[in-house]
Amino acid sequence: MSQPDAPKIEFPCENYPIKVMGDSGDELQALVMEVFSKHAPGFDPERIRLKDSSKGSFQSITVLITATGVDQLEALHNDLRSSSLVKMVL
């Protein structure tokens, strides 16, 4: 049985969420700001959502951007995953 095709994203895609999970702290937040400023200029830092893990050692940061294409999304994911602070990018 064949798998159905994944839904296609139409670009530009407003309010595209990217969640970054990693070690809690200012360093992770600074990295996220730096990477998103580079690859998604014009994103609104006021729309970033932070959530700490129950023990406070990890943090998830959700950023909403206007996704402009696959190349942009791959560059964002690659830059974020290249840091040891980042555990997962969704």
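Since this is a predicted model, take the numbers as computed values, not measurements.

Thresholds, definitions, all that
Residues numbered from 1 in each chain as written. Predicted model: local features only at pLDDT ≥ 70, side-chain atom pairs only at ≥ 80, totals over all residues. Heavy atoms only, no water. Phe/Tyr/Trp six-rings, centres within 6.5 Å; stacked < 30°, edge-to-face > 60°. Buried < 20%, exposed > 50% of the residue type's maximum accessible area, 1.4 Å probe, protein only. Patch = residues over 30% accessible without salt bridge, like charges linked within 9 Å, V, L, I, M, F, W, Y side chains within 5 Å. Areas by Shrake-Rupley, 256 points an atom, 1.4 Å probe, with all protein chains shown as cover. Salt bridge = Lys/Arg side-chain N within 4 Å of Asp/Glu carboxyl O. Lys, Arg positive; Asp, Glu negative; His and termini not counted. Charge placed at Lys NZ, Arg CZ, Asp CG, Glu CD. Helix = DSSP H or I, 4+ residues; strand = E, 2+ residues; numbered from the N terminus. Contact = heavy atoms within 4.5 Å. Expected span 1.5 Å × (residues − 1). Arc of directions from axis to C-beta.

Caption draft 1: Representation of the packing of aromatic side chains. Under the criterion given, the structure shown has 1 aromatic pair. Taking 5.9 Å as the distance between ring centres and 55° as the angle between the ring planes, the aromatic pair formed by Phe 36 and Phe 43 counts as tilted. Comparing Phe 36 with Phe 43, the two get one shared label, buried.

Caption draft 2: Layout of a positive patch on the surface. Together, Lys 19, Arg 47, Arg 49 and Lys 51 line one region of the surface with positive charge. Mapping Lys 19 onto the fold places it in strand β1 (residues 13–23).

Caption draft 3: Up close: a nonpolar patch on the surface. A surface patch of nonpolar side chains, about 230 Å² in accessible area, is lined by Ile 9, Phe 11 and Val 70. Among the secondary structure elements, Phe 11 is positioned in the segment before β1. Accessibility expressed as a relative area gives 32% for Phe 11, which makes it partly exposed.

Caption draft 4: Structural detail: the side chain of Gln 72. Locating Gln 72 in the fold gives a position in helix α2 (residues 70–81). With sequence-adjacent residues up to four places away left out, Gln 72 is seen in contact with His 39, Ala 40, Ile 65, Thr 66 and Ala 67.

Caption draft 5: The pattern of salt bridges, seen in detail. Per the counting criterion, the structure on display carries 2 salt bridges. We note a salt bridge from Asp 23 to Lys 87, for which the minimum N-O separation is 3.6 Å. Of the two residues, Asp 23 is situated in strand β1 and Lys 87 in strand β4 (residues 86–89); the sequence distance between them amounts to 64 residues. Across the pair Asp 79 and Lys 38 runs a salt bridge whose closest N-O atoms are separated by 3.3 Å. Of this pair, Asp 79 sits in helix α2 while Lys 38 sits in helix α1 (residues 26–39), and the two are 41 residues apart along the sequence.

Caption draft 6: Region of interest: α1. Taking 1.5 Å as the rise per residue, α1 with 14 residues should run 20 Å; its terminal C-alpha atoms sit 20 Å apart, in good agreement. Residues Leu 28, Leu 31, Val 32, Val 35, Phe 36 and His 39 constitute the buried set of α1. Down the axis, α1 shows its buried residues gathered within 120° of arc, on one side only. Relative to its buried face, α1 has exposed residues pointing more than 90 degrees away, namely Asp 26, Glu 27, Glu 34 and Lys 38. Here the buried face of α1 lies against β1, β3 (58–67), α2 and β4.

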